[in-house]
Amino acid sequence: TERRRAEARQREDEFNMIRADVEAQVASLRAEVEGEERRRREEEREEEEAAAQAKAEAKAIVDEEARRERRLREEIEVEKTSFAVAEAAAASTASRRWPQQQQQQEQQQQQQP
């Protein structure tokens, strides 16, 4: 009976040692998994930040190009308006000079025999 008790205690001690070893392995694996999850979350966060930054940079470029295009269109409109005004002024001046030039030519022709 004493021997059986000693054997039972030994088996229980062995069982406890195995259980402690398994628990230590589980804890180690759990810590490793948690570490991997943290690293994965950190990588995802960094990727999201990089994507957000790239998106913001792309939007800034698009916005700048749109502003530049509007500015160029406005400049073209100003040039068109200036040209139209200059053309109208030239036409007006020409229409006023034409009768005078014609009169002068007629007078010169009349003066010449």
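Structure report, in brief. (Residues numbered from 1 in each chain as written. Predicted model: local features only at pLDDT ≥ 70, side-chain atom pairs only at ≥ 80, totals over all residues. Heavy atoms only, no water.)

As for the overall build of the protein chain
Each helix and strand counted, the protein chain has one helix and zero strands in total. In terms of overall size, the protein chain is more extended than a compact globule, its C-alpha atoms giving a radius of gyration of 48 Å where 113 residues would be expected to give roughly 13 Å. If you sum the accessible surface of the protein chain, you get close to 10800 Å²; carbon and sulfur atoms cover 52% of it. Of the charged side chains in the protein chain, 22 are positive and 29 negative; the average position of the first set lies 3 Å away from that of the second. (Helix = DSSP H or I, 4+ residues; strand = E, 2+ residues; numbered from the N terminus. Rg over C-alpha atoms; globule rule 2.2 N^0.38 Å. Areas by Shrake-Rupley, 256 points an atom, 1.4 Å probe, with all protein chains shown as cover. Lys, Arg positive; Asp, Glu negative; His and termini not counted. Charge placed at Lys NZ, Arg CZ, Asp CG, Glu CD.)

A closer look at a nonpolar patch on the surface
A grouping of Ile 18, Val 22 and Val 26 is seen on the molecular surface, where their side chains present a nonpolar patch of about 240 Å² in accessible area. Locating Val 22 in the fold gives a position in helix H1 (residues 2–111). (Patch = residues over 30% accessible without salt bridge, like charges linked within 9 Å, V, L, I, M, F, W, Y side chains within 5 Å. Salt bridge = Lys/Arg side-chain N within 4 Å of Asp/Glu carboxyl O.)

Some remarks on the pattern of salt bridges
Per the stated rule, a full pass over the model turns up 13 salt bridges. Here Glu 36 makes a salt bridge to Arg 39, at a shortest N to O gap of 2.5 Å. Within this pair, Glu 36 and its partner Arg 39 are both found in helix H1, separated by three residues, close to a single helical turn. Among the residues examined, Glu 36 registers a relative accessible area of 44% and is labelled partly exposed. By relative accessible area, Arg 39 is classed as partly exposed at 46%. By sharing partners, the salt bridges in this structure join Glu 2, Arg 5 and Arg 9 into a single network. (Buried < 20%, exposed > 50% of the residue type's maximum accessible area, 1.4 Å probe, protein only.)

A look at the environment of Arg 73
Relative to the helices and strands, Arg 73 is located in helix H1. With a relative accessible area of 52%, Arg 73 lands in the exposed category. Within the structure, the side chain of Arg 73 is placed 2.7 Å from the side chain of Glu 69, a separation counted as a polar contact. (Polar contact = N/O pair within 3.5 Å; in protein donor to acceptor, adjacent residues only side chain to side chain.)

Notes on a negative patch on the surface
On the surface, Glu 43, Glu 46, Glu 47 and Glu 48 cluster together into a patch of negative charge. You can see Glu 48 is positioned in helix H1. Taking relative accessible area as the criterion, Glu 48 reaches 56% and is therefore assigned exposed.

Focus: the environment of Arg 40
Locating Arg 40 in the fold gives a position in helix H1. Arg 40 gets classed as partly exposed once you look at its relative accessible area, which sits at 41%.

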